[in-house]
Each structure stands twice: as C-alpha cells, then as structure tokens.
Amino acid sequence: MSHVIKRVCVVVPIYAGLEESKRCLESLIVSLPLQKIKAHLIIVDDCSPEPSLSQYCKNLSEKDPSIILLVNESNLGFVKSVNRGMLEAGDDDIILLNSDTEVANDWIDRLVAAAYQKEKTATVTPFSNNATICSYPRFLESNSLPTSETVASLDNIFSIINADKTAELPTGHGFCLFIRRAALEAIGFFDEQAFPRGYG
C-alpha cells in the first residue's frame, strides 16, 4: 500500500430500532481495538423518534469521549445526515455503516486494503447476508446465518477464503460503504438536491 492512511472514520446514521442499533454499535466498538489502522466513530442521531435510542447514543458518547455524537434538531434523512458526518470527519477516509449492520474481526483493515489495491478505486463494499447485490450466498436475497456460525466466525471464514480478492461492482452499497477521501475531494459529497430525503 503506497498511500499513508492517517485514520478511518466510521459514520453511523441512527434513526430507529434500539436493539438493532445497539447490536451494531456494540459490535463496532468491540472491533475498533482489533484494527491496525486508527479508526474512530461518529454517530449521527437523525432526530430519532425513539427517546431510548437517543439516550443510548448519548450515554455511549459520554462514556467514551472518542465517540462523536451529532444530533440533528430535525429529521434530515440519510444523505444530509451522512454528509454532516463526513464533513465532521475532516480528512479521514470514511466508512458509512447502517445501524442494523454487525461487524467483526479486522473488517476495517480489510476494507482499507481492498480500497488501496488500485489507484482509481473510490469505494469498497463487503459481502453481507442481506444486502441485495452484495448478498451471499444467494444474490438479491436475505440469507439466514448458518445455525453453527456467528457473524465473527463466518467473517473469519470469508477473510481466509477471499483473502486479498476483490471484484468490480456496478455500484457501492450503503449498508457498509468505504469511501476514499480522495474520491470525496474529487467528486464532492452526496447530492442533497437529487436525493433529499429517505433511507432508501
């Protein structure tokens, strides 16, 4: 890897679903010390209608000063919320992570390695059991985890079988999207006029 990566910022927009969001954030926080690359977390509370979820995020940020919590005074939707998070991240590379996603092991290091394999790569999306074009093993389906596997054990299998392998995609997928800062600088942030609202 010829580029020096200073730091990666994981931006998680939060709106609803306390239990799913807790699983996401707890898996993420546990994984951060496992990475070789420095990584930190920005949570964007998009004016959640669930006081318990907002309070949970507030408690996390108060417990760990390295977690940045941005709270929207009104609901802005996905595009404006993640733009706010990406702006707050300064010159870091970005990972956008949906709040119902669970992560494990050295997932950030592997995304970084894939992103910097080629000079012109702008974004990287991993496999998931439920992510339309990135779904595995059945494409465009929600796949249940095998009963004998956990997220961490299945991820470990993928990390061995698919080590250093990448494939071109027609588009990135927002459930987990690594974005090189150089791409943001060249192209700009997400288009708030064309895609004003929604979490589509």
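Provided above is the structure to which this section pertains.
1. Quick notes on the overall build of the chain
So, step 1. Along its length, the chain carries 6 helices and 6 strands.
So, step 2. For the chain, the sequential pattern of α-helices and β-strands runs β-α-β-α-β-α-β-α-β-α-β-α.
So, step 3. Considering only contacts within the chain whose residues lie at least 6 apart along the sequence, 78% involve residues at least 24 apart.
So, step 4. Summing over all exposed atoms, the chain offers an accessible surface of approximately 11100 Å²; the carbon and sulfur share of this is 55%.

2. Concerning the side chain of Ser81
So, step 1. Turning to its location among the elements, Ser81 is positioned in helix α3 (residues 78-88).
So, step 2. A distance of 3.4 Å separates polar atoms of two side chains, one belonging to Ser81 and the other to Asp46.
So, step 3. Within the structure, Ser81 has its side chain in polar contact with the backbone oxygen of Gly77 (distance 2.8 Å).

3. What to know about the pairing of strand β6 (residues 176-179)
So, step 1. By the alternation rule, side chains of β6 split into Cys176 and Phe178 and Leu177 and Ile179, which are all buried.
So, step 2. Note that strand β4 (residues 93-97) and β6 share 4 bridges and pair antiparallel. Paired with Leu97 across the bridge in β6 is Cys176.
So, step 3. With 2 bridges connecting them, strand β5 (residues 123-124) and β6 associate as antiparallel partners. Bridging from a neighbouring strand, Val124 pairs with Phe178 of β6.

4. So, the pattern of salt bridges
So, step 1. Taken as a whole, this structure holds 4 salt bridges when the rule is applied.
So, step 2. For Asp106, the salt bridge is made with Arg110, and the minimal N-O distance between the two is 2.8 Å.
So, step 3. For Asp106, a relative accessible area of 30% puts it in the partly exposed group.
So, step 4. For Arg110, a relative accessible area of 26% translates into the label partly exposed.

5. Brief notes about the sheet that holds strand β2 (residues 39-45)
So, step 1. Strand order in the open sheet formed by 6 strands is β3-β2-β1-β4-β6-β5, with mixed pairing between adjacent strands. The sheet is open, and its two borders are formed by β3 (68-71) and β5, each paired with just one other strand.
So, step 2. Taken together, the 4 bridges between β2 and β3 define a ladder with parallel strand orientation. Bridged to Ile42 within β3 is Ile68.
So, step 3. Packing of helix α1 (residues 18-31) onto the sheet brings it into contact with β1 (8-14), β2 and β4, and relative to β1 it is tilted by some 170 degrees.

6. Description of the nonpolar core
So, step 1. In terms of nonpolar packing, the biggest core is built from 32 residues, with Trp107 and Ile108 touching the most fellow members.
So, step 2. When contributions to this core are tallied by element, the ones reaching two or more residues are β1, α1, β2, α2 (51-63), β4, α4 (107-115) and β6.
So, step 3. Counting residues per element, this core draws most heavily on α4, at 6 residues.
So, step 4. For Trp107, the contacting residues outside a window of four places in its chain are Val10, Leu28, Ser31, Gln35, Ile95, Leu97 and Cys176.
So, step 5. Formed by 15 residues, the second largest nonpolar core is a distinct cluster that contains Val11, Leu70, Val82 and Leu177.

7. Some details on the environment of Glu73
So, step 1. On the secondary structure map, Glu73 appears in the loop between β3 and α3.
So, step 2. When the C-alpha positions of Glu73 and Asp46 are compared, they lie 7.8 Å apart, and in sequence the two are 27 residues distant.

Reading guide: rules and limits
- Residues numbered from 1 in each chain as written.
- Predicted model: local features only at pLDDT ≥ 70, side-chain atom pairs only at ≥ 80, totals over all residues.
- Heavy atoms only, no water.
- Helix = DSSP H or I, 4+ residues; strand = E, 2+ residues; numbered from the N terminus.
- Contact = heavy atoms within 4.5 Å.
- Areas by Shrake-Rupley, 256 points an atom, 1.4 Å probe, with all protein chains shown as cover.
- Polar contact = N/O pair within 3.5 Å; in protein donor to acceptor, adjacent residues only side chain to side chain.
- Buried < 20%, exposed > 50% of the residue type's maximum accessible area, 1.4 Å probe, protein only.
- Pairing = 2+ DSSP bridges.
- Salt bridge = Lys/Arg side-chain N within 4 Å of Asp/Glu carboxyl O.
- Axes fitted to C-alpha atoms, helices over the stretch in contact; angles between N-to-C directions.
- Core = buried A, V, L, I, M, F, W, Y, C linked by side-chain atoms within 4.5 Å.

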